[in-house]
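# Examination of the molecular architecture
Now for the letters of each chain:
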Amino acid sequence: GNSVTQMEGPVTLSEEAFLTINCTYTATGYPSLFWYVQYPGEGLQLLLKATKADDKGSNKGFEATYRKETTSFHLEKGSVQVSDSAVYFCALDRDDKIIFGKGTRLHILP
Amino acid sequence: DAGITQSPRHKVTETGTPVTLRCHQTENHRYMYWYRQDPGHGLRLIHYSYGVKDTDKGEVSDGYSVSRSKTEDFLLTLESATSSQTSVYFCATKTGSATNEKLFFGSGTQLSVL
């Protein structure tokens, strides 16, 4: 079946550091890929998405590129802020069945 | 965001009792989903629906059933609650099947099975 694997957390960085959160997937065909974010005490909200190979999704300084050859969708940000502290979830949508990874908790220190 | 209401917001129940959680949406979205969120497991798909009376199993469907008799309501039933079903349950909706559709989430139901 389809699956999403994310790097284990928590990830702790200093403000202005470079961020990478790894995400790889297993799926038949060509799923759409997403990153969702959950801020403390809130529900999940979409951060960015990509629907086909080599697409780059971007939002709020975050980026991720759909890599079909490596089945990956790694999340990156060049300079993180304290306000980026949250839990990040990678997800795939294949035939409307939407599967999430386990989430990666990110702590940013001032 | 889509008007998604989950009820109840909190529930405490005893092992062996049936429990029904309700998800109500006002946006006429075709797709509805039930997830559970647990530490160390992220979000896991329980069941989903692609239309009235059309449902399918997710990753962790054992011990759960769903029903969708109207577009706006998606019910999740724990047939005989167990302590392992203590969790936060999220409902989500999606407009259609286009590849760029995103999920809209409800506020969650905290369920404790004692």
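For the structure, see preceding data.
Remember, predicted model here, so these are calculated numbers, not experimental data. (Residues numbered from 1 in each chain as written. Chains lettered and ligands numbered in written order. Predicted model: local features only at pLDDT ≥ 70, side-chain atom pairs only at ≥ 80, totals over all residues. Heavy atoms only, no water.)

## Remarks on the interface of chain A and chain B
Taken together, the contacts link 17 residues of chain A with 23 residues of chain B. Of all residues in chain A, D96, I98 and F100 of chain A bury the most surface against chain B, accounting for 32% of the area lost on that side. The tally of links from chain A across to chain B stands at 2 salt bridges. Residue D93 of chain A is joined to K94 of chain B by a salt bridge in which the shortest nitrogen-to-oxygen separation is 2.8 Å. At the boundary of chain A with chain B, the tally comes to 8 residue pairs in polar contact (both at pLDDT 80 or more). Of all the elements in the fold, those that place two or more residues in the side of chain A that touches chain B are β5 (32–38), β6 (44–50), β10 (86–94) and β11 (97–100) of chain A. Across the side of chain A that touches chain B, the residue classes break down as 8 nonpolar, 4 polar and 5 charged. (Contact = heavy atoms within 4.5 Å. Buried area = accessible area lost by both parts, 1.4 Å probe. Salt bridge = Lys/Arg side-chain N within 4 Å of Asp/Glu carboxyl O. Polar contact = N/O pair within 3.5 Å; in protein donor to acceptor, adjacent residues only side chain to side chain. Helix = DSSP H or I, 4+ residues; strand = E, 2+ residues; numbered from the N terminus. Nonpolar A, V, L, I, M, F, W, Y, C, P; charged D, E, K, R; others polar.)

## A closer look at the state of the cysteines
Within the structure shown, the criterion is met by 2 disulfides over all chains. Here C23 of chain A pairs with C90 of chain A through a disulfide, and the sulfurs are 2.0 Å apart. The chirality of the disulfide connecting C23 of chain A with C90 of chain A is left-handed, given an S-S dihedral of about -70 degrees. With C23 of chain A in strand β4 (residues 23–26) and C90 of chain A in strand β10, this pair connects stretches of sequence that are 67 residues apart. We classify C23 of chain A as buried; its relative accessible area is 0%. Residue C90 of chain A is classed as buried on the basis of its relative accessible area of 1%. Bridging C23 of chain B to C91 of chain B, the disulfide has an S-S length of 1.9 Å. Judged by the sign of its S-S torsion, about -70 degrees, the cystine formed by C23 of chain B and C91 of chain B is left-handed. Taken together, the residues C23 of chain B in strand β3 (residues 19–25) and C91 of chain B in strand β9 (residues 87–94) connect sequence positions 68 residues apart. (Disulfide = S-S within 2.5 Å. Buried < 20%, exposed > 50% of the residue type's maximum accessible area, 1.4 Å probe, protein only.)

## What to know about the side chain of Q25 of chain B
Residue and element names in this part refer to chain B. Tracing the sequence through the fold places Q25 in strand β3. A distance of 2.7 Å separates a polar side-chain atom of Q25 from the backbone oxygen of H29. Within the structure, the side chain of Q25 is placed 3.2 Å from the backbone oxygen of T71, a separation counted as a polar contact.

## Some points on the nonpolar core
It is characteristic of soluble globular proteins that their nonpolar side chains tend to be buried jointly. In this structure, W35, Y88 and F100 of chain A together with Y35 and F105 of chain B are the most contacted members of the largest nonpolar core, which totals 45 residues. The leading source of residues in this core is β10 of chain A, at 7 residues. Apart from the residues within four sequence positions on either side, Y35 of chain B is in contact with I98 and F100 of chain A together with L43, R44, L45, I46, V88, Y89, F90, A92, L103 and F105 of chain B. Grouped together as the second largest cluster of nonpolar side chains are 18 residues, I4, L76, A81 and C91 of chain B included. (Core = buried A, V, L, I, M, F, W, Y, C linked by side-chain atoms within 4.5 Å.)

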